[in-house]
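Structural overview for review
Now for the letters of each chain:
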Amino acid sequence: MKLHILTSLTLLAASSLKACPCGCTQCPVDTSQLQFNPTQRISFEVREDLIKQDKRTHNAGVDFTVDHRITTLTTEMRVGDLRWSLSLPRVERITREATSTKVAGLGDALVRVRIPTEHFDVIAGIKLPTGASDQALSAPRRYLQLGTGSTDVLLGMRSEHTWSEQTNSYVQLNAQSAVLSDQHFRPGRSIGLSLGFQQKITDAFAFAVQGDVIRQFRDMNTMHAIDNSYAEDAESSTLSTSISPGFIWSPQPTIRAFIYLTEPLKTSNYAQTAGETVNPMHASRIVSLGLIVQF
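Now for a quick tour of the structure. (Residues numbered from 1 in each chain as written. Predicted model: local features only at pLDDT ≥ 70, side-chain atom pairs only at ≥ 80, totals over all residues. Heavy atoms only, no water.)

When helices and strands are counted, the chain shows 2 helices and 17 strands. By residue count, 47% of the 295 residues in the chain fall in the buried class. The contacts in the chain between residues at least 6 apart in sequence include a share of 65% that link residues at least 24 apart. Of the roughly 13700 Å² of accessible surface on the chain, a fraction of 61% belongs to carbon and sulfur atoms. (Helix = DSSP H or I, 4+ residues; strand = E, 2+ residues; numbered from the N terminus. Buried < 20%, exposed > 50% of the residue type's maximum accessible area, 1.4 Å probe, protein only. Contact = heavy atoms within 4.5 Å. Areas by Shrake-Rupley, 256 points an atom, 1.4 Å probe, with all protein chains shown as cover.)

So, about the environment of Leu-86. Following the sequence through the fold, Leu-86 ends up in strand E3 (residues 82-96). Here Leu-86 falls in the partly exposed class, since its relative accessible area comes to 38%. As for Leu-86 and Val-113, which are separated by 27 residues in sequence, their C-alpha atoms are 9.1 Å apart.

Among the secondary structure elements, Thr-262 is positioned in strand E14 (residues 255-269). Relative accessible area serves as the criterion here: at 3%, Thr-262 is assigned to the buried category. Within the structure, the side chain of Thr-262 is placed 2.8 Å from the side chain of Ser-244, a separation counted as a polar contact. (Polar contact = N/O pair within 3.5 Å; in protein donor to acceptor, adjacent residues only side chain to side chain.)

Quick look at the side chain of Glu-76 now. When you line up the elements, Glu-76 lands in strand E2 (residues 65-79). You can call Glu-76 buried: its relative accessible area is 8%. Here Arg-83 takes part through its side chain, which lies 3.1 Å from a polar atom of the side chain of Glu-76.

A word on the pattern of salt bridges. Where charged atoms of side chains with opposite charge meet at close range, the side chains can pair. Following the criterion strictly, the structure yields 14 salt bridges and no others. A salt bridge links Asp-49 to Arg-47; the nearest nitrogen and oxygen atoms lie 3.2 Å apart. Arg-47 matches Asp-49 in its accessibility class, with the two residues each being buried. Notably, a salt bridge pairs Arg-90 with Glu-92, separated by 3.3 Å at the nearest N-O pair. By relative accessible area, which is 42% here, Arg-90 ends up partly exposed. (Salt bridge = Lys/Arg side-chain N within 4 Å of Asp/Glu carboxyl O.)

Geometric values such as these leave the question of function open.
What follows is the structure, encoded as structure tokens:
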């Protein structure tokens, strides 16, 4: 167990919850670079991620679709050289079968600290099980709950480079691992790599693009042992790639608005049911938009 945790910690995590387990119901797009302004101490970000999971399977016999709406409030504060942040998501999911059902409420909170070193920043975080994981669902799947029911650790390594006043880039290595979970469900470990690039078009507008590779390992899921309505988990254990182009608008130095479209490129799923490959949430298109205000 010690080796398992140390391996996950050494691989490092995200400044946003990017390598997300349980079907990856959050967008991989990272906006932490937009929050950094050396003359400001506090920033607030309101972000909305819209995920329409309407192409769930390839002939795997699953006849429901899910719309996800995740609204996240992130507060960041600079204390000395450290950047502390707290993210609180509100999750809303609508499952459509013969009829539609909806669950909504607080998701899992995330606390992070970003520590600068000589060559890169180290990011440490903890995800708390603040989201309910025992909601009655018409399509019982643990990844459709508001939270994972687990406490996860995150560590990360991030490097940013300014090429000119108009151009900058970043690279980030991520890892996430559950350290506390219930006996019937533990989300699989996640490892991710992100590459980002931003180019100013005018003083107020910039083009941005981010590429991501995420490897999520298989969830431990024995929910059917206590509730036979829960189906086998065939949506974890994936290797997925995506690209996220976007635009950033800065009407003032302390205000930034952004919009991104995350498009899946390829998803390989190593969990199969009856020989069929299931197309997980990783392979869903995501629209992300938000506003950041600094003080």
